[in-house]
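Architecture and fold: a report
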Amino acid sequence: QNSALSAVHSVMESDIVSMVVLLLIAANTVLLAMEYHDDSLCDGLEDVDGRLHGACMPESLRHFLTTANLILTCFFAAEMVLKLVGMGIVSYLSDPMNRFDGFIVIMSLVELALAAMSTSSGEDEGGLMTIMRAGRLLRIFRSARKWTALRKVMETLMRTLPRVGPLSMLLF
């Protein structure tokens, strides 16, 4: 059993799996950029209060983006589970990048659950869903694990932000 867990760990840390994950993160980012708002498609989606009940983009595109998000979220959830199995919970959680990955995956799963509940009840998704969708953009930062230049930029940014705070207050 220990050799099976070690094999799972080796596969999940392999360069091929890392490349597939990076490609899927890039695909996720492109898919998020494809969402848009077209006022001409909003007719019939507004209630009496002027609140929208649906996306103002072609139904076929909305369906494609929803399906792609479901597939990508399932892939990232499976990746997280396999890493948890291969590394063990303690080892997985000891790595800050794994904790970050896990947080994004859990938030994506919560987003899917909330979207399913709001669709089945006919309620408007509201601003919370917009925030949850924006959280998917954080997946791009997962690439910092293998992309050394991006990781250095992020580390520099994190060191610099506290020092820039007081200066930015003067600008406003």
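Here's what I pulled together on the structure shown here.

**Things to note about helix α2 (residues 15–34)**
Counted at 1.5 Å a residue, the expected span for α2 with its 20 residues is 28 Å, and the 29 Å between its end C-alpha atoms agrees. Among the residues of α2, those classed as buried are Val17, Ser18, Val21, Ile25, Asn28, Leu31 and Leu32. Within α2, the buried residues cover an arc of 140 degrees as seen down the axis, which keeps them to one side. Along α2, exposed side chains directed more than 90 degrees from the buried face belong to Asp15, Ile16, Leu23, Val30 and Ala33.

**Some points on the pattern of salt bridges**
Scanning all chains against the criterion turns up two salt bridges. Between arginine 62 and glutamate 59 there is a salt bridge; the shortest N-O distance is 2.3 Å. A residue pair is termed a helical-turn pair when its members lie 3 or 4 positions apart in one helix, as arginine 62 and glutamate 59 do in helix α3 (residues 59–87) at three residues. Where lysine 83 meets glutamate 79, a salt bridge forms, and the shortest distance between an N and an O atom there is 3.9 Å. Taken as a pair, lysine 83 and glutamate 79 lie in helix α3 at a separation of four residues, close to a single helical turn.

**Quick notes on a nonpolar patch on the surface**
There is a patch of nonpolar side chains on the surface, built from Val30, Met34 and Phe64 and spanning about 270 Å² of accessible area. Secondary-structure assignment places valine 30 in helix α2.

**Focus: empty space enclosed by the protein**
Here the structure, examined in full by the defined rule, presents two cavities of 30 Å³ or more. Contributing to the lining of the second largest cavity are Phe76, Glu79, Met80, Lys83, Tyr92, Asn98, Asp101 and Arg142. At the level of elements, α3 and α5 (96–121) are the ones that each hand at least two residues to the lining of the second largest cavity. A total of four residues in the lining of the second largest cavity trace back to one element, the largest contributor, which is α3. The residue makeup of the lining of the second largest cavity, split by class, is three nonpolar, one polar and four charged.

**Observations concerning the packing of α2 against α3**
Direction vectors running N to C along α2 and α3 enclose 150 degrees, while the axes themselves pass 10 Å from each other. Here α2 lies roughly antiparallel to α3, going by the angle between them. Read as a crossing pair, α2 and α3 show a hand that is left-handed. Contacts from Val20, Val21, Leu24, Ile25, Asn28, Leu31 and Met34 of α2 reach α3 at Leu61, Phe64, Leu65, Ala68, Leu72, Phe75, Phe76 and Glu79.

Reading guide: rules and limits
Residues numbered from 1 in each chain as written. Predicted model: local features only at pLDDT ≥ 70, side-chain atom pairs only at ≥ 80, totals over all residues. Heavy atoms only, no water. Helix = DSSP H or I, 4+ residues; strand = E, 2+ residues; numbered from the N terminus. Expected span 1.5 Å × (residues − 1). Buried < 20%, exposed > 50% of the residue type's maximum accessible area, 1.4 Å probe, protein only. Arc of directions from axis to C-beta. Salt bridge = Lys/Arg side-chain N within 4 Å of Asp/Glu carboxyl O. Patch = residues over 30% accessible without salt bridge, like charges linked within 9 Å, V, L, I, M, F, W, Y side chains within 5 Å. Areas by Shrake-Rupley, 256 points an atom, 1.4 Å probe, with all protein chains shown as cover. 1 Å grid on protein atoms, 1.4 Å probe; cavity = no way out; pocket = protein on both sides within 12 Å on 5 of 7 lines; lining within 4 Å. Points joined across faces, edges and corners; volume = space filled by probe spheres on them. Nonpolar A, V, L, I, M, F, W, Y, C, P; charged D, E, K, R; others polar. Axes fitted to C-alpha atoms, helices over the stretch in contact; angles between N-to-C directions. Parallel < 35°, antiparallel > 145°, perpendicular 65-115°, else oblique. Left-handed = near helix turned anticlockwise from the far one by under 90°. Contact = heavy atoms within 4.5 Å.

Interpretation in functional terms is not warranted from these geometric data alone.
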